[in-house]
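# Architecture and fold: a report
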Amino acid sequence: MAAISFTTMITSMCFIQQGDNVASASSQNTTTITSDNHTTTMVPNQNTVTGQLIYEAHGKIVAQKVINSGKTDGAKIQVSYSGSGKFTSGLNVKELWTFVNTHRLDGVIQGVGQGIIKTIDNKEIAIATGYGRGFTGVGGKIIYPTAQLYSTNSNGRLAFLSEVVGFSHWQVDNSGNYSYRMWEFK
């Protein structure tokens, strides 16, 4: 991953959509991005992350559980999502995610999640870990950029995921519907 550290990418990531197929996160000097009335200032490290759109998914929250409701650091909520997705190669999959999100008192939502992607015929799987940091946008919609790391023993259609670091832009509405697009880190 060249000169940029993964920790730096996660703690300073933010997406700027450039057309339908490319996203980038930039932190040359200090970059400030405003989206849905939320401002994110990125840590300067003089690196740019770009990638091509490779995946789109949608689904629904299927379970939620309050883990704790700390008075000083916010509430921790476990959220499980179930849905389907399609890679730009045309491969359709099913997915299941569980994130533990900390809803901080300053409005920031930080989370770590575990996921699984399965081919429709259930013959291949890939597991994933997601790291995100988001906020509540207009109308209560949650906007949640994430970094996703994959692992698989597949030597078939999902084998390429062993090499993928994905950056996603999740949205979750008030009815519990989610959607996201994922770009492969280049």
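Here, the structure is the one placed above.
Structural notes, computed from the coordinates. (Residues numbered from 1 in each chain as written. Predicted model: local features only at pLDDT ≥ 70, side-chain atom pairs only at ≥ 80, totals over all residues. Heavy atoms only, no water.)

### A look at the overall build of the protein chain
The cut-off we apply is this: Strands here mean DSSP runs of E at least two residues long; helices mean DSSP runs of H or I at least four residues long; both are numbered from the N terminus. Buried means the residue's accessible area, taken with a 1.4 Å probe over protein chains only, is under 20% of the maximum for its type, while exposed means over 50%, and partly exposed covers the values in between. The contact criterion used is simple: two residues touch if any of their non-hydrogen atoms lie within 4.5 Å. Calculation of accessible area relied on Shrake-Rupley with a 1.4 Å probe; when residues are assessed, cover is drawn exclusively from the protein chains displayed.
From N to C terminus, the protein chain includes one helix and 12 strands. If you list the helices and strands of the protein chain from N to C, you get α-β-β-β-β-β-β-β-β-β-β-β-β. With 186 residues in all, the protein chain has 44% of them scored as buried. Of all intrachain contacts in the protein chain linking residues separated by at least 6 positions in sequence, the fraction that spans at least 24 positions is 51%. A total accessible area of about 9600 Å² is found for the protein chain, and carbon and sulfur atoms account for 49% of it.

### Here we look at the side chain of Ser 154
The cut-off we apply is this: Distance and chemistry together define a polar contact, namely a pair of N or O atoms within 3.5 Å, with one atom able to donate a hydrogen and the other to accept it when in protein, and with adjacent residues in sequence counting only for side-chain atoms on both sides.
By secondary structure assignment, the location of Ser 154 is in the loop between strand S10 (142–151) and strand S11 (165–172). Side chain to side chain, Ser 154 and Glu 124 meet in a polar contact 2.5 Å long. Within polar-contact distance, the side chain of Ser 154 engages the backbone nitrogen of Gly 156 at 3.0 Å. Residues contacting Ser 154, with those up to four places away along its chain left out, are Glu 124 and Ala 159.

### Regarding the pairing of strand S8 (residues 108–119)
Looking along a regular strand, one sees the side chains alternate between the two faces of the sheet. Filter applied, for reference: DSSP-based pairing: two strands are paired if at least 2 bridges between them are found.
Alignment of strand S7 (residues 92–103) against S8, held across 11 bridges, turns out to be antiparallel. Looking at the pairing, Thr 98 lines up with Gln 114 of S8. Hairpin connection, S7 to S8: the antiparallel pair is bridged by four residues, and Gly 107 has positive phi, about 95°. Two strands pair when backbone bridges link them, and S8 and strand S9 (residues 125–136) are joined in this way by 11 bridges, in the antiparallel orientation. Its bridge partner being in S9, Gln 110 is matched across the sheet by Arg 133. Hairpin geometry of S8 and S9 is characterised by an intervening segment of five residues between the two adjacent antiparallel strands and by a positive phi of about 60° at Asn 122.

### Points about the pairing of S10
Burial of S10 is extensive: seven of the 10 residues sit out of reach of the surface. Inspection of the sheet shows S9 paired to S10 by eight bridges, in the antiparallel sense. Considered in S10, the bridge of Gly 130 is made with Gln 148. The turn linking S9 back onto S10 is made up of five residues, and Gly 139 within it adopts a positive phi angle of 70°.

### Some thoughts on the packing of aromatic side chains
Note the threshold: Any Phe, Tyr or Trp ring, taking Trp's six-membered ring, that has another such ring centre within 6.5 Å forms a pair; planes under 30 degrees apart are called stacked, those over 60 apart edge-to-face, and the others tilted.
In the structure shown here, the tally under the stated rule is 14 aromatic pairs. Three or more aromatic residues joined by ring pairs make a cluster, and in this case those are Tyr 55, Tyr 81, Phe 87, Trp 97, Phe 99, Tyr 144, Phe 160, Trp 170, Tyr 178 and Tyr 180.

### Remarks on the nonpolar core
Quick note on the threshold: In this description, a nonpolar core means a group of buried Ala, Val, Leu, Ile, Met, Phe, Trp, Tyr and Cys residues linked to one another through side-chain atoms lying within 4.5 Å.
Grouped together as the largest cluster of nonpolar side chains are 26 residues, with contacts concentrated most on Tyr 55, Tyr 81, Phe 87, Trp 97, Tyr 150, Trp 170 and Tyr 180. Among the secondary structure elements, those contributing two or more residues to this core are strand S5 (48–70), strand S6 (74–87), S7, S8, S9, S10, S11 and strand S12 (177–185). Apart from residues no more than four positions distant in its own chain, Trp 170 is found in contact with Tyr 81, Trp 97, Phe 99, Ile 142, Ile 143, Tyr 144, Thr 146, Gln 148, Tyr 178, Ser 179 and Tyr 180.

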